[in-house]
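# Observations on the model geometry
Chain by chain, the residues:
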Amino acid sequence: MNRPYFKVVVTDSRSPRDGKFIEIVGTYDPKKAGQNSTLKLDRIEHWISKGAQPSDTVRSLIKKTKNPEAAAKKAAAKAAKKPAPAPKAEAAPAPAETVPAAAPAETTPPPPAETPAPPAEAK
């Protein structure tokens, strides 16, 4: 119901984050598998040539859009790196310790340290 979905926009740096923008140059759906963004690369390159600075996320989206094969390879490598969950086998019981426990030493507690009484205040 409330899925994240973002518009990629060109905005003035002086505008608030959710404020006025100049142009919508794409969209991004992070929950969608595969190609999850649509970008107008010609308009993005135009604005970058005018001095616009893409955020880190938008910069990575541009790279993925320009070279989808490399992005697919990276995603496949990441998926292959993740270990497949192995079926749980019954764990062997842990070996019991064979070292006998040491008998507690018989010690007497040290005598309480004597503390000097605070001097009495004169009234």
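Residues numbered from 1 in each chain as written. Predicted model: local features only at pLDDT ≥ 70, side-chain atom pairs only at ≥ 80, totals over all residues. Heavy atoms only, no water.

What follows covers the side chain of Thr65. Assignment of secondary structure puts Thr65 in helix α2 (residues 56-66). Assessed through its relative accessible area of 19%, Thr65 is described here as buried. Excluding residues within four positions of it along the chain, Thr65 makes contact with Gln35, Ser37, Leu39 and Leu41. (Helix = DSSP H or I, 4+ residues; strand = E, 2+ residues; numbered from the N terminus. Buried < 20%, exposed > 50% of the residue type's maximum accessible area, 1.4 Å probe, protein only. Contact = heavy atoms within 4.5 Å.)

The 3 strands lie next to each other as β1-β2-β3, forming an open sheet whose pairing is antiparallel. Two strands lie at the open edges of the sheet, namely β1 (6-10) and β3 (37-39), each paired on one side alone. The mean angle between the axes of side-by-side strands here comes to 25°, regardless of whether they run parallel or antiparallel. Bridge count for strand β2 (residues 23-28) against β3 is 3 bridges, and the pairing is antiparallel. Across the sheet, residue Gly26 finds its bridge partner in β3, namely Leu39. (Pairing = 2+ DSSP bridges. Axes fitted to C-alpha atoms, helices over the stretch in contact; angles between N-to-C directions.)

Along the polypeptide, Asn36 turns up in the loop between β2 and β3. What makes Asn36 buried here is its relative accessible area of 14%.

Val8, Val10, Val25, Tyr28, Leu39, Ile44, Trp47, Val58, Leu61 and Ile62 form the largest nonpolar core, which has 10 residues in total. Of all the elements in the fold, those that place two or more residues in this core are β1, β2, α1 (41-49) and α2. Among residues more than four places away in sequence, those in contact with Trp47 are Val10, Ile22, Glu23, Val25 and Ala52. (Core = buried A, V, L, I, M, F, W, Y, C linked by side-chain atoms within 4.5 Å.)

Attention now goes to helix α3 (residues 68-81). Taking 1.5 Å of rise per residue, the 14 residues of α3 would be expected to cover 20 Å, and the 20 Å separating its terminal C-alpha atoms lies within 8% of that figure. Counting buried residues along α3, only 0 of its 14 residues qualify, which leaves the element largely exposed. (Expected span 1.5 Å × (residues − 1).)

What follows covers the packing of aromatic side chains. A full pass over the atoms with the stated rule returns 1 aromatic pair. Here the aromatic rings of Phe6 and Tyr28 are separated by 6.2 Å at their centres, their planes lie at 25°, and the arrangement is stacked. Taken together, the positions of Phe6 in strand β1 and Tyr28 in strand β2 put the pair 22 residues apart, joining distant regions of the chain. (Phe/Tyr/Trp six-rings, centres within 6.5 Å; stacked < 30°, edge-to-face > 60°.)

This part is about the pattern of salt bridges. Counted under the stated rule, the structure contains 6 salt bridges. A salt bridge links Asp29 to Arg3, with the shortest nitrogen-to-oxygen separation between them at 3.1 Å. In this pair, Asp29 is assigned in the loop between β2 and β3 and Arg3 in the segment before β1, connecting sequence segments 26 residues apart. Residue Asp29 is classed as buried on the basis of its relative accessible area of 12%. Glu23 is paired through a salt bridge with Arg43; the nearest N and O atoms lie 3.0 Å apart. (Salt bridge = Lys/Arg side-chain N within 4 Å of Asp/Glu carboxyl O.)

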